[in-house]
Amino acid sequence: KMHRDALEAGIGVYTIADCKRRGILPILDEALERVAHLDAIMIGFDIDVVDRSQCPGAPGARPGGMPVDMFFAAARHVAAHPKVSLVDLTEFDPSLDLSDITSLTAGRWMCEILSGYSSR
């Protein structure tokens with residue numbers, strides 16, 4: 001019902017299957033175009049979108065989620081957009097992290113954000 005309600009409200013909804021089939025960058029470009037009229041854009045990254053095997057410290061992560069390399073590509077891509085002025089990373093629980101995998105993923109995410117931003 002929430003999915004249907006979002007579509008009826010004109011909210012862009014993309015599944016992981018869409019991202020894997022079409023590629024994350026074209027989907028991000030489409031989403032950014034939808035908000036191109038805004039002066040500034042804030043992007044929230046939920047780390048639990050990453051596949052559970054690659055992100056054990058994210059409580060909501062599930063098998064079949066986004067591959068971590070796609071997550072990094074998304075971070076770099078949106079940070080390079082001139083209207084993106086704020087990003088955040090959520091859904092990380094260090095008490096669940098095995099071998100610092102999620103911490104390392106979060107650190108790499110930050111590097112991708114900085115790299116995208118510096119490419120402007």
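In what follows, the structure referred to is the one given above.
Residues numbered from 1 in each chain as written. Predicted model: local features only at pLDDT ≥ 70, side-chain atom pairs only at ≥ 80, totals over all residues. Heavy atoms only, no water.

With respect to unusual backbone geometry
Right, on to step 1. Phi is positive for Ser 99, which is not a glycine, with a value near 55 degrees.
Right, on to step 2. Non-glycine residue Asp 100 carries a positive phi angle of around 60 degrees.
Right, on to step 3. Relative to the assigned elements, Asp 100 resides in the loop between β2 (84-90) and α5 (101-118). (Helix = DSSP H or I, 4+ residues; strand = E, 2+ residues; numbered from the N terminus.)

Notes on the pairing of strand β1 (residues 41-46)
Right, on to step 1. Residues Ile 41, Ile 43 and Phe 45 point to one face of β1 and are all buried, whereas Met 42, Gly 44 and Asp 46, pointing to the other face, are not buried.
Right, on to step 2. Judged from the six bridges that link them, β1 and β2 form a sheet pairing that is parallel. What sits directly across from Ile 43, in β2, is Val 87.
Right, on to step 3. Once the chain exits β1 it traverses helix α4 (residues 68-79) before rejoining the sheet at β2, and the crossover so formed is right-handed. (Buried < 20%, exposed > 50% of the residue type's maximum accessible area, 1.4 Å probe, protein only. Pairing = 2+ DSSP bridges. Right-handed = clockwise from strand over helix to strand, strands pointing away.)

Description of the pattern of salt bridges
Right, on to step 1. Applying the stated criterion across every chain yields a total of six salt bridges.
Right, on to step 2. A salt bridge links Glu 8 to Arg 4, with the shortest nitrogen-to-oxygen separation between them at 4.0 Å. Of this pair, Glu 8 and Arg 4 both sit in helix α1 (residues 2-8), four residues apart, which is roughly one turn of the helix.
Right, on to step 3. Take Arg 4: its relative accessible area is 48%, and that puts it in the partly exposed class.
Right, on to step 4. Across the pair Glu 112 and Arg 76 runs a salt bridge whose closest N-O atoms are separated by 2.6 Å. Taken as a pair, Glu 112 in helix α5 and Arg 76 in helix α4 lie far apart in primary sequence, 36 residues in all.
Right, on to step 5. Assessed through its relative accessible area of 6%, Glu 112 is described here as buried.
Right, on to step 6. Because the salt bridges share partners, they merge into one network encompassing Arg 76, Arg 108 and Glu 112. (Salt bridge = Lys/Arg side-chain N within 4 Å of Asp/Glu carboxyl O.)

What about the state of the cysteines?
Right, on to step 1. Using the criterion set out here, one finds zero disulfides in the structure.
Right, on to step 2. Cys 55 takes part in no disulfide bond, and the closest cysteine sulfur to it belongs to Cys 111, at a distance of 15 Å. (Disulfide = S-S within 2.5 Å.)

Thoughts on the packing of helix α3 (residues 24-34) against α4
Right, on to step 1. Here α3 crosses α4 at 35 degrees, and the two axes come no closer than 10 Å. Regarding α3 and α4, the two cross each other, and that crossing is right-handed. Touching Ile 24, Leu 25, Leu 28, Asp 29 and Leu 32 of α3 are Met 70, Ala 73, Ala 74, His 77 and Val 78, all from α4.
Right, on to step 2. Residues of the contact of α3 with α4, tallied by class, amount to eight nonpolar, one polar and one charged. (Axes fitted to C-alpha atoms, helices over the stretch in contact; angles between N-to-C directions. Left-handed = near helix turned anticlockwise from the far one by under 90°. Contact = heavy atoms within 4.5 Å. Nonpolar A, V, L, I, M, F, W, Y, C, P; charged D, E, K, R; others polar.)

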